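What follows is each chain in one-letter form.
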Amino acid sequence: MNTIHILGFPRIGAQRELKFALETFWRGETGSDKLQDTARDLRARHWAMQREAGIGQVTVGDFALYDHVLDHVQLLGCEPARFGFTDEDEITRQFALARGEDKQAHACCGATGTGGERRPLEMTKWFDTNYHYLVPEFTPSTSFRIGSERLFAQVDEARALGHAVKAVLIGPLTFLWLGKEKAQAFERLELLDRLLPVYGEILARLKRQGVEWVQLDEPILGLDLPAAWRGAFESAYARLGGARPRLLLATYFSPLADNLRLACQLPVDGLHVDAVRAPEELARVADWLPAHKVLSAGIVDGRNVWRTDLDAALEHLQPLADRLGERLWLAPSCSLLHVPIDLDQEQELDGELRSWLAFARQKLAELNVLSRALGGGEKAVSAGLAAARAALASRRSSPRVHDAAVEHRLRTLPRDADHRAAPFAERQRLQRQALGLPPFPTTTIGSFPQTRELRAARASYRRGDITQQAYEGVIREEIARVVHRQENIGLDVLVHGEPERNDMVEYFGEQLAGFAFTRNAWVQSYGSRCVKPPIIYGDVSRPEAMTVDWTAYAQSLTEKPMKGMLTGPVTILQWSFVRDDQPRQETCEQIALAIRDEVADLERSGIRVIQIDEPAFREGLPLRRAEWQAYLDWAGRCFRISASPVSNATQIHTHMCYSEFNDILPAIAGLDADVITIETSRSDMELLKGFGAYAYPNEIGPGVWDIHSPRVPGVDEMERLLRKAAEVIPGGNLWVNPDCGLKTRGWGESEAGLRNMVEAARRLRAG
C-alpha cells in the first residue's frame, strides 16, 4: 500500500465540542483546565480516526484553540510588543491577541473613555477560503524565539497514545507573507534571517522527540510571488539542514505554475501538490522531482463535500505509482479543516443525495481505498469502487439536478439586466430627497443578538414542539423590540434584526430550490464561530418570497427607513459547498436571478433601502492574477443582476468583510452599489486609504467598531476613526456603522456600542 496521510483535520469536534468549551471558558463558567481537557479529548479522538483509516503517521500541530496562525505567533515568540504582556499565562495572552482586551471594566456599559489598550490582531481570509486567520504584526524590532511548548507537548501526547507522528508547521516564508508590516520603510522579508534559526531549533527538538517527518506548509508557492520572495526559498531551505526530521513541503489551493521547478528542486525530502486544483501538474512534478523525493498527491478534494471519482483518480495515479512506487503518497488536496467531520451524522438527508457526499472521515476512507487499489489491484477494494461508481452514476442521471425553466431564463436574460437606469450621481440626488437622512447617517450591518430565547424557540419549532403561528409570534415580538431599541438609540436607518435567521447563507438556501441542508455539518470560520454551509446540488431558483413579510412588518412599526437585508449571489456561492458538474459562474448567475426577484419584491412592498451583502466577493478572487479579470467580470455582473431591478430612488447597499481591497477597487466600484460598508476598525482605518486614493465615487461606511471582539470602543475612539476616515473620503459620502452584524454579541454591549457610535456621529455633524 502507498502511504496515506492528511495535511490537517477539523478541530471543532463532531458536536462542536471546542466551540462550546471556548465560550463557557470566555464567560468565566469554566477554567482553563476544563478547556484543555476538551482539547485533549478531541485530539485523541481525531488521531484515532486517522489511525483507523490506515494512516501510519498522525498529523500533530494542526489543532488550535482559536487559530493555527496565532499558535505560530506564540510558538515563534513574536507576540506584538504593543500588547505589553508581562506575567500573563499563555492562554490569557492567546485570547487577548485574538479577541482584544478592555482594561476598563466599565467600558462595556457605555463609557466614553478610550479603554481597550489591547486591540486584537487584525483578521483576514486564509487565501481563498472562508476561514479567517489572525494577522501577525512585524516591525524592524521583531525578534523570534521558541515561545511556546504547545507543539512539543502535543507530540508527546500523540506518542504516549501509541501514534507515530508527522508534525505540521507553517513554512517560514508563508508565515512572514501572512503578516503585515507595522512600520514605514520596512519589508517583513528582512526578518527571515532572524526567523530561520528558530525554525532550525524547532526542527531539531522535534527530531529529538522521535518525529520522522515534518510537513512545512508553503501555500504561497501557488501565488504570483515577487522576485525577492521567490529567490529567498532556496537559500532559506538550505539553512534548514542539519539534525532535523525529513521535510515534506506542502502547497495547495493553486497550481504551482511558474514556481513548479523551484518547488521540486528545494532541498527537502518530499513535495505535496494540490491535484484537485491542478491535476495537470502531477505528471510535470513527477518529471522534475529528484529520484530520492516523495511525491504527495492531493487527489481527494479537501475543500468540497462531493464523493471522489475513484476511477478517474486511479487513472491519474496508476502511472505515477508504477513509476514512483512507495515514493508516491496519497492525501487530500489540503487540510480537511474546510469540510465537516462525519457524514454518518446526517441520517436525515435522503439516501440518494447522501450517497453523493463525503466528509472528512469518508475522505479518509477514500484514501484507504485508493491506496489499496494501487497496492493490490481493484479486486482488493471492489465493493468500495462499486459503491463510488453507483453514486456517481446516480448523481449524473438524477432529474433533481437540472431545471429547464432556470436554464431558459439564463439563456434569455437581456444583456443590460445588470445595469441601473441612471448613473450614481442622479440616483444619489433622488435618494437623498426620498430618505431625508442627516449627514453621517448611522445604521447597522443587519443582524442583532441571537438570544438564547430566540435559539430555543427556533429549535422548538423545528422539533414540532410549537406551532408555526406561535413561532412567528415570537419573531414578531423580537422584531418589535429591536425596532423600538434602535429608535431609542437614535439610529437613522433601521433593520429588523434578522431574528428568524440561523445563518446569512443557510437561511436563504433553505428557501431556494437546488439546495440541501445538514444538521451537524459544521465548519470553523474563526475561533468559536462555526458555519454550516448549504450544499448546492442542482439548478437554483426562488419558489416564493423569502424576506418580504418580515421586512415589511418591521417597516410598519417605524417612520424611519427600514433596510431590507439579503445575502448576495457571490457570497451564497462562496459560502456553500458548490456543485462541481458545471462552471461556478453558471451557478452564481442562477443565484443572482433568485436574489433579483427578492429585491424587486422588497421594493414593491415599500422598502426603499436594500442591502445585498457580499462579504465573500474578494475571497472568491483566484490566487493567480492571470485569472482575476475573468472572475471579476462574472462576479460583478452577478451582483449587478441581483441589484438592478429597482428604481433610481431605491438605495442599494452592500457589505464586505476583512479583505485587502486595494488591488480590486475598480471592480468594487464597478458593482455600482449606492453605499458600501466595510470592516476597517481593526486596521485603524488603514484599509480605507485605498478607497480615498482611488477616489471611490459612491457612498461608503467604514466600520468604527470591531464586533468580533468583546471590547466596546468609547465615543472618543469612534470619533477619532471617523475623522480619520473623513480625511480620505468626502464627508457627504460617509456613513457610520459597526464593522459587521451584531448577531454574536450580547445586548448590553450592542446597545452601549451603538449609543457611542450615534454620539460620535453627532459630534461630527456639529463640526
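Residues numbered from 1 in each chain as written. Predicted model: local features only at pLDDT ≥ 70, side-chain atom pairs only at ≥ 80, totals over all residues. Heavy atoms only, no water.

### Considerations on the overall build of the protein chain
A count of helices and strands for the protein chain gives 27 helices and 20 strands. In terms of overall dimensions, the protein chain has a C-alpha envelope of 75 × 65 × 50 Å along the principal axes. Looking at the protein chain residue by residue over its 767 residues, the buried ones come to 63%. Of the contacts formed within the protein chain by residues at least 6 apart in sequence, a portion of 78% connects residues at least 24 apart. (Helix = DSSP H or I, 4+ residues; strand = E, 2+ residues; numbered from the N terminus. Buried < 20%, exposed > 50% of the residue type's maximum accessible area, 1.4 Å probe, protein only. Contact = heavy atoms within 4.5 Å.)

### Some remarks on the sheet that holds strand β11 (residues 328-332)
Read across the open sheet, the 7 strands follow the order β1-β5-β7-β8-β9-β10-β11; overall the sheet is parallel. The open sheet terminates on both sides in strands that have one partner only, identified here as β1 (57-60) and β11. The sheet shows a mean angle of 25° between the axes of neighbouring strands, taken without regard to direction. As paired strands, β1 and strand β5 (residues 164-170) are joined by 4 bridges and run parallel to one another. (Pairing = 2+ DSSP bridges. Axes fitted to C-alpha atoms, helices over the stretch in contact; angles between N-to-C directions.)

### Re the side chain of Thr-567
Turning to its location among the elements, Thr-567 is positioned in strand β16 (residues 563-567). Among the residues examined, Thr-567 registers a relative accessible area of 2% and is labelled buried. Among the polar contacts listed, one links the side chain of Thr-567 to the backbone oxygen of Met-504, at a separation of 2.5 Å. (Polar contact = N/O pair within 3.5 Å; in protein donor to acceptor, adjacent residues only side chain to side chain.)

### Some points on the packing of helix α18 (residues 468-489) against helix α20 (residues 548-555)
Where α18 contacts α20, the two axes come as close as 10 Å, and the packing angle between them is 40°. By the criterion of interaxial angle, the relationship of α18 to α20 is oblique. Between α18 and α20 lies a crossing whose hand is right-handed. Of the residues in α20, those in contact with Glu-472, Ile-475, Arg-476, Ile-479, Ala-480 and Val-483 of α18 are Trp-550, Tyr-553 and Ala-554. Classifying every residue of the contact of α18 with α20 gives 7 nonpolar, no polar and 2 charged. (Parallel < 35°, antiparallel > 145°, perpendicular 65-115°, else oblique. Left-handed = near helix turned anticlockwise from the far one by under 90°. Nonpolar A, V, L, I, M, F, W, Y, C, P; charged D, E, K, R; others polar.)

### Overview of the packing of aromatic side chains
In the structure shown here, the tally under the stated rule is 21 aromatic pairs. Taken together, a centroid distance of 6.1 Å and an interplanar angle of 50° make the contact between Trp-26 and Tyr-66 tilted. With Trp-26 in helix α1 (residues 17-26) and Tyr-66 in the loop between β1 and α3 (68-75), this pair connects stretches of sequence that are 40 residues apart. Judged by relative accessible area, Trp-26 falls into the partly exposed class, the value being 23%. With relative accessibility at 3%, the residue Tyr-66 sits in the buried group. Geometrically, the ring pair formed by Trp-213 and Trp-329 is edge-to-face, given 4.8 Å between the ring centres and 65° between the ring planes. (Phe/Tyr/Trp six-rings, centres within 6.5 Å; stacked < 30°, edge-to-face > 60°.)

### A look at the packing of helix α15 (residues 404-411) against helix α22 (residues 584-604)
The geometry of α15 relative to α22 is characterised by a closest axis approach of 11 Å and an angle of 90° between their N-to-C directions. Taken as axis vectors, α15 and α22 run roughly perpendicular relative to one another. In this structure, α15 contributes Val-406, Arg-409 and Leu-410 to the contact, and α22 contributes Glu-586, Glu-589, Gln-590, Leu-593 and Asp-597. Considered class by class, the residues forming the contact of α15 with α22 number 3 nonpolar, 1 polar and 4 charged.

### Quick word on the nonpolar core
In globular proteins that are soluble, nonpolar side chains generally tend to be buried together. Counting residues in hydrophobic clusters, the biggest one holds 109 residues, and the most contacted among them are Phe-144, Leu-173, Phe-175, Ile-202, Leu-295 and Leu-328. No other element matches the 8 residues that helix α7 (residues 192-208) contributes to this core. Sequence-distant contacts of Phe-144, defined by excluding residues within four places in its chain, comprise Leu-76, Gly-77, Cys-78, Phe-138, Phe-175, Leu-176, Leu-191, Arg-194, Leu-195 and Val-198. If you look at the next biggest cluster of nonpolar residues, it comprises 99 residues, including Val-495, Leu-512, Val-570 and Ile-700. (Core = buried A, V, L, I, M, F, W, Y, C linked by side-chain atoms within 4.5 Å.)

### Quick notes on the pairing of strand β7 (residues 213-217)
With 5 of 5 residues buried, β7 lies mostly within the body of the structure. Here β7 shows two buried faces, one formed by Trp-213, Gln-215 and Asp-217 and the other by Val-214 and Leu-216. Note that β5 and β7 share 5 bridges and pair parallel. Of the residues in β7, the one forming a bridge with Leu-169 is Leu-216.

### Focus on unusual backbone geometry
If you check the backbone angles, Glu-498 has positive phi at about 60° while not being a glycine. Of note, the phi angle at Asp-672 is positive, near 60°, even though the residue is not glycine. Tracing the backbone shows Asp-672 in the loop between α24 (665-670) and β19 (675-678). Residue Asp-672 is classed as partly exposed on the basis of its relative accessible area of 24%.

### Overview of α1
Turning to α1, its buried residues are Leu-18, Lys-19, Ala-21, Leu-22, Thr-24 and Phe-25. Residues of α1 that are buried make contact with α2 (32-52), α4 (90-99) and β14 (529-531). A positive phi of about 80° marks Gly-28, the residue just after α1.

### A look at empty space enclosed by the protein
A complete count under the given rule lists 7 cavities of 30 Å³ or more for this structure. Taken as a whole, the largest cavity holds about 490 Å³ of empty space. If you go around the largest cavity, you meet 28 residues; those closest to its centre are Met-504, Arg-529, Trp-575, Cys-740 and Gly-741. Put simply, the parts of the chain that give the lining of the largest cavity at least two residues each are β13 (523-526), β14 and β16. Of the residues forming the lining of the largest cavity, the biggest block, 3 residues, is contributed by β16. Of the residues in the lining of the largest cavity, the class split is 11 nonpolar, 11 polar and 6 charged. The computed volume of the second largest cavity comes to approximately 210 Å³. Lining of the second largest cavity is provided by 19 residues; of these, Leu-7, His-68, Asp-217, Tyr-252 and Ser-335 occupy positions nearest its centre. (1 Å grid on protein atoms, 1.4 Å probe; cavity = no way out; pocket = protein on both sides within 12 Å on 5 of 7 lines; lining within 4 Å. Points joined across faces, edges and corners; volume = space filled by probe spheres on them.)

### Points about the pattern of salt bridges
Under the counting rule described, the total for this entry stands at 62 salt bridges. Note that Glu-759 and Arg-763 form a salt bridge whose closest N and O atoms lie 3.9 Å from each other. Taken as a pair, Glu-759 and Arg-763 lie in helix α27 (residues 747-766) at a separation of 4 residues, close to a single helical turn. Connected through salt bridges with shared partners, the residues Asp-716, Glu-719, Arg-723, Glu-759 and Arg-763 form a single ionic network. (Salt bridge = Lys/Arg side-chain N within 4 Å of Asp/Glu carboxyl O.)

### Points about the sheet that holds β19
The sheet built from 5 strands is open, its strands ordered β16-β17-β18-β19-β20 with parallel pairing. The sheet terminates laterally at β16 and β20 (699-702), the two strands that pair on one side only. Here the average twist between neighbouring strands, direction ignored, is 20°. Bridge analysis of strand β18 (residues 651-656) against β19 gives 4 bridges, and the strand direction is parallel.

### Description of the state of the cysteines
Following the criterion strictly, the structure yields 0 disulfides and no others. Left unpaired, Cys-264 is separated from the closest cysteine sulfur, that of Cys-334, by 20 Å. For Cys-264, a relative accessible area of 0% translates into the label buried. As a non-bridged cysteine, Cys-530 has Cys-740 as the owner of its nearest cysteine sulfur, 16 Å distant. (Disulfide = S-S within 2.5 Å.)

### Brief notes about the environment of Ile-12
Tracing the backbone through its elements, the reader meets Ile-12 in the segment before α1. Between the C-alpha atom of Ile-12 and that of Glu-181, which follows or precedes it by 169 residues, the distance is 31 Å. Non-local contacts of Ile-12, meaning those with residues more than four positions away in its chain, are made with Glu-17, Leu-18, Lys-19, Leu-42, Trp-522, Val-523, Gln-524 and Cys-530.

Geometric descriptors of this kind do not, in isolation, establish any biological role.
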